[in-house]
Amino acid sequence: MSTEAPTLDLKKTINLPKTKFAQKANLPQTEPVRLQKWAQMDLYDLIRQARAGADKFILHDGPPYANADIHLGTALNKIIKDLIVKSRTMLGFDAPYVPGYDCHGLPIELHVERKLGEKKANMPPLSIRRACREFAANALKRQTKDFQRLGILGEWDNPYSTMSDHYEAETARLFARFVERGFVYKGARPVYWCIHDQTALAEAEVEYHQHASPSVYVKFPLHSDPALIDPTLAGRKVFALIWTTTPWTLPANLGIAVHPDFDYVALESGDEVYIVAAELMDSVVAKCGIGTVTAGSNNSADEVGNSFTLTEKVRVLARFPGSKLDRLEARHPWIDRPSLFMVGEHVTMGGEADAETELDVSEAREKSGTSKAGTGLVHTAPGHGHDDFVIGKKYGLEIYCPVDNAGRFTPEVDHFAGLSVFEANPKIVEFMRERGVLLFSENYDHRYPHCWRCKNPVIFRATPQWFIAMDRSDDEPAEKDEDDRDRSNFTSNFVGSELLDPGSLRGMALREVDERVKWIPAWGRDRMRNMLSGRPDWCVSRQRIWGVPIPAFYCTGCNDAVIDAAVIRHVADIFEKESADAWYKREAGELLPAGFKCANCGAAEFTKETDILDVWFDSGSSSVAVLENRENLRWPADVYIEGGDQFRGWFNSSLMVGLAVHDRAPYDAVLCHGWTLDAQGKAMHKSLGNAVSPDEVIPKLGAEVLRLWCVSSDYMEDMRCSDEILQRVSDGYRKVRNTARFALGNLDGFDPVRDAVADDEMLEIDRWALAELDSIVTEVRAEYEAYDFHGVYQTLHQFCTVTLSARYFDIIKDRLYTFAPKNKARRSAQTALYKIADALARMMAPILVFTADEIWESLPVDSEAPVAPSVHVGLFPSTEGTDNQAELLTTWAHLFGYRDQVLAKLEEARIAKVIGSSLEARVEISAGSHAFEKLAHHRDDLRYIFIVSEVSLAAPDAELGADELAVTISRAHGEKCERCWNYSTQVGESSRYPTVCERCVDALQEIEVLGGSPI
Ligand SMILES: [Zn+2]
Ligand SMILES: [Zn+2]
Ligand SMILES: [Zn+2]
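Structural notes, computed from the coordinates. Every value quoted in this text rests on a predicted model; they were computed, and no experiment measured them.

**A short note on the overall build of the chain**
A tally of regular secondary structure across the chain gives 32 helices and 31 strands. Computed over its C-alpha atoms, the radius of gyration of the chain comes to 39 Å, more than 25% above the 31 Å expected for a compact globule of 1015 residues. With respect to the three principal axes, the spread of C-alpha positions in the chain is 130 × 75 × 50 Å. Counting all 1015 residues of the chain, 60% fall into the buried class. Partitioning the contacts of the chain with sequence separation of at least 6, the portion at a separation of at least 24 is 77%. The distance from the centre of the 113 positive side-chain charges to the centre of the 152 negative ones in the chain is 4 Å.

Okay, here's the thing in structure tokens:
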């Protein structure tokens, strides 16, 4: 080297980071550009090609309802599905994603009705269906656009929709399968009924809210001879005392249920005797004021009515088990007919339970015994309650329901005909008071089922409907049970007893829930189990237009219903070509197979059923209709994931269809995600102003931040969201982005093939970084496999901010910036950086779909291996298994422990103004024996690890504990190097570069020989 040659410009010899990966993400602008790029390269298809032949992984999409734009909850649902699909894809599976849309049903029909207004009344069903179809198609289009904007990949140009011709045909065919197996029957059984929407409702279509009902205690005169109960009662005026919170069901009362094994008492009050449960005697006496009220109080008379004479003391005349009352008769309190005593296990001593038993069995069970209202004698109206129906059937009572579609009493109901049941409630109470049959009444707040559409309270009402039997098996004649009792409409209240038929839908469902399906979180099993145990037969009739018609016919000759699998399949073939609109376009004769005749009377004239199928049947059909009908999919699915409302909804209806078709659950695992709430944990409502909506967040922060929010806490719990929370998520995003940017910036000019350093030639700290990466890869893969996306986020975030930013990057900065570009030690760091950046991009790809792809594009190009066109085509990194990985990790865990102590001392020195930057420091360390050994082994690295100019390590100090350090900070000796800012006593020794240190002199010499350009 000639001393005459011009010296290098020092500033230009520093390897400053350089990358096209911008510091500012500009997500709202860059995301749409990347989406367009993906569309152009047909990324989804490229992924399919790359995974062709690999093991399949099927996430089956629960179809969102196509009636409105997406909200935060829909976005969360779809993003988590995308996380599952993308992570399985990168684990090596062929994981196609076919999105679906639920298009039939009441909300759309109601919307169209409102829009059409008065016109609707004169419109033929076909025109209404056309309007519904258009409305759903529009919503579907808008939702698709929104889902794509979230970075979700799938067959968006060919989704499944429950209103497609093929799907409608398949729905009918699956119904035929239920028919074929003998699961379908038509019967009058009480179902939830919305009197506002005038339709039956599914279990999943009611929700519970507080509701004030009149609570009444009513006396029913005993008609049978009281001596049959106990001789002491002979000749007395005996009354059965019942309690109910639905006085409007009293006109339909046909019986009184008691528990066979509970004790009942006959209480003497004046010249009357009341039968109540022994356990509830005190509360009834107190509540009804029997014997506790002092004579002459006007108050009490107002409260309890004028019906009885006040007495001083109540006397128990007799005590007997409920079974004593079996099949005795009381009289209805004002209608001239008997009320039959029946015994049933469903009778509880919890008043709340009794009230809700009439309306919801499963909820009631959970709460039984929580309150002491009631009398232990249950007013029974088989047309208006589930348990009432079951016991009524058992005792051969009529399923009597004198209430019409609009919830009004029919003309046969004296005094109240034409009144709606809720209007009638107070009138019935007043009427009973006047009649002297009311002992007590008050307002009673309890949880009561409401229609989830219109939010009005619903009633339980028996009308002729099509049902799918839960307890009927196709292996045996269903009509009779062991005691030769009519079982056709019988729904078991009990599970786990011999009553449960293993071949029935309930029996099969419980088996699958217990033995096959994996529930995540695990409580899903009990939730599903409880729902299935208590649910009555599935009412699939809906008195609406927008759906798949129930393909049944009625013979005009004998009025027989024709429900026949072969006929239904014939109809389905017509649907396949013309959509289910054919049901409304064609006459019955044009829908039936040619020459079809009534099997009963031989007539050839038929009318069509007007009910449509419950939409839950439609969506429940998707597993078979979609998974078995598309070549790239398979039945059953590996996983379903939806919110908790789908246990009663889609998880349930899908299970029923799977069982009817294949005797098997349609899914191997069911995941449940939480709800989206505001920062205070309240539900979001537009009207409350606390709603966070995707179409407001995305233009401000980008879809990426919304995706990151989905993993920022555990999605299996409820997820809170607000502007402030999203701001925190944005900060987290920036940290990850900066980490990636550091790596990419320092890879400028690095060619992985040409420049990578072999493992065994790398510096130890670089090998440590790769060992850390390896253990992160193991963790992240396991977290993805377990659907623990929040775990992935935490692991990656910790890795980026602590392991990389605060430690590794901090330490290697000096080497990367100041060493000659091609110096092997610098290449060693770059080799680690390259592997880290590549692995980070892959590991974050399912979550940060846009950013990971941007990192991928900014990685140095491998000059030999072909590069995947997008990170999403790639696989997760696999572990490489560095030599002595465990030893490396322990060693460096110790060193970083010492480093933390040194950094703390440096901070003190900075505050005391001993030093400015850490490079101005000299660190003197005395160490205990063990610490000394570790530090001495890395003696030459210590100044870089601590980022100081000088470290002196004294001989082991016996005074100190084995792992203890004594650290002293002073100013470094020598001068500051102009180039690298380290202090050195050798600055000035080179005449060619008099302002730099000895390390920089070496580096500059290297650059002069090998060329300055890093490439
Ligand atoms: Zn309603
Ligand atoms: Zn006939
Ligand atoms: Zn220097």
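Here the narrative resumes.
**A few points about the side chain of Asp102**
For Asp102, the position within the fold is in the loop between strand E1 (100-101) and helix H4 (106-116). For the buried residue Asp102, which engages in no salt bridge, the nearest side chain bearing the opposite charge is Arg453, 7.0 Å off. Non-local contacts of Asp102, meaning those with residues more than four positions away in its chain, are made with Pro63, Pro64, Tyr65, Ala66, Thr162 and Ser619.

**Quick word on the coordination of the zinc ion (ligand 2)**
Taken together, the protein donors to the zinc ion (ligand 2) comprise Cys555 (SG), Cys558 (SG), Cys598 (SG) and Cys601 (SG), at separations of 2.2 to 2.4 Å. The site at the zinc ion (ligand 2) holds four donor atoms, and with the angles between them running 97 to 115°, its shape is tetrahedral. Donor residues for the zinc ion (ligand 2), ordered by position in the chain, follow C-x2-C-x39-C-x2-C. You can see Cys555 sitting in strand E19 (residues 553-555) and its partner Cys598 sitting in the loop between helix H17 (588-591) and strand E21 (606-608), a full 43 residues away along the chain. Using a relative accessible area of 6% as the deciding quantity, one classes Cys598 as buried.

**Structural notes on a negative patch on the surface**
The grouping of Asp714, Glu717, Asp718 and Asp788 at the surface amounts to a negative patch. By the secondary structure assignment, Asp788 is in the loop between helix H25 (764-785) and helix H26 (789-818). Residue class for Asp788 comes out partly exposed when judged on its relative accessible area of 34%.

**Re the coordination of the zinc ion (ligand 1)**
Protein coordination of the zinc ion (ligand 1) is provided by Cys194 (SG), Asp197 (OD), Cys451 (SG) and Cys454 (SG), with donor distances spanning 2.1 to 2.3 Å. Each of the four donor atoms bound to the zinc ion (ligand 1) contributes to angles spanning 102 to 118°, and the resulting shape is tetrahedral.

**Focus: the pairing of strand E24 (residues 667-673)**
Counting buried residues along E24, six of its seven residues qualify, which places the element largely inside the surrounding structure. The pairing of strand E16 (residues 518-520) with E24 spans three bridges and is classified as parallel. Residue pairing in the sheet places Trp519 in a bridge with Val670 of E24. Handedness of the crossover joining strand E23 (residues 637-643) and E24 through helix H20 (residues 650-662) is recorded here as right-handed.

**Description of the pairing of strand E9 (residues 272-277)**
Counting buried residues in E9 gives six out of six residues, a clear majority hidden from the surface. Pairing of strand E6 (residues 237-244) with E9 involves four bridges; the strand directions are parallel. When the sheet's bridge partners are listed, Val238 is paired in E9 with Val273. Note: strand E8 (residues 263-269) against E9, six bridges, orientation antiparallel. In the strand pairing of E9, Ala266 is matched with Ile275. Count of turn residues in the E8/E9 antiparallel hairpin: two residues, of which Gly270 carries a positive phi of about 65°.

**Quick look at the sheet that holds strand E28 (residues 950-953)**
On the basis of which strands lie adjacent, the open sheet formed by three strands has the order E28-E27-E29 and mixed pairing. Across the chains shown, the open sheet's two edge strands, defined by having one partner strand only, are E28 and strand E29 (965-971). This sheet shows a mean twist of 20° between the axes of neighbouring strands, independent of strand direction. Bridging between strand E27 (residues 921-927) and E28 involves four bridges; their strand directions are parallel.

**As for the sheet that holds E19**
Reading across from one edge, E20-E19-E21 is the order of the three strands in this open sheet, with antiparallel pairing throughout. Strand pairing shows two members of the sheet lacking a second neighbour, strand E20 (561-562) and E21, which therefore form its edges. Pairing geometry for E19 and E20, over two bridges, is antiparallel. Directly across from Phe553, in E20, lies its bridge partner Val562.

**Topic: the nonpolar core**
Ranked by internal contacts, the top residues of the largest apolar core, which has 146 residues, are Ile84, Leu150, Trp709, Tyr808 and Leu935. A per-element tally of this core places H26 first, with 12 residues. The residues touching Leu150, leaving out its near neighbours within four places in the chain, are Ile70, Ala75, Ile79, Ile698, Ala703, Leu706, Arg707 and Phe850. Among the nonpolar cores identified, the runner-up in size contains 88 residues, and Leu254, Leu340, Ala381 and Ala462 belong to it.

So, how was this worked out
- Residues numbered from 1 in each chain as written.
- Chains lettered and ligands numbered in written order.
- Predicted model: local features only at pLDDT ≥ 70, side-chain atom pairs only at ≥ 80, totals over all residues.
- Heavy atoms only, no water.
- Helix = DSSP H or I, 4+ residues; strand = E, 2+ residues; numbered from the N terminus.
- Rg over C-alpha atoms; globule rule 2.2 N^0.38 Å.
- Buried < 20%, exposed > 50% of the residue type's maximum accessible area, 1.4 Å probe, protein only.
- Contact = heavy atoms within 4.5 Å.
- Lys, Arg positive; Asp, Glu negative; His and termini not counted.
- Charge placed at Lys NZ, Arg CZ, Asp CG, Glu CD.
- Salt bridge = Lys/Arg side-chain N within 4 Å of Asp/Glu carboxyl O.
- Donors = N, O, S within 2.8 Å, 3.2 Å for Na, K, Ca; no water.
- Tetrahedral: all angles 85-135°; square planar, octahedral: opposite > 155°, others 65-115°.
- Patch = residues over 30% accessible without salt bridge, like charges linked within 9 Å, V, L, I, M, F, W, Y side chains within 5 Å.
- Areas by Shrake-Rupley, 256 points an atom, 1.4 Å probe, with all protein chains shown as cover.
- Pairing = 2+ DSSP bridges.
- Right-handed = clockwise from strand over helix to strand, strands pointing away.
- Axes fitted to C-alpha atoms, helices over the stretch in contact; angles between N-to-C directions.
- Core = buried A, V, L, I, M, F, W, Y, C linked by side-chain atoms within 4.5 Å.

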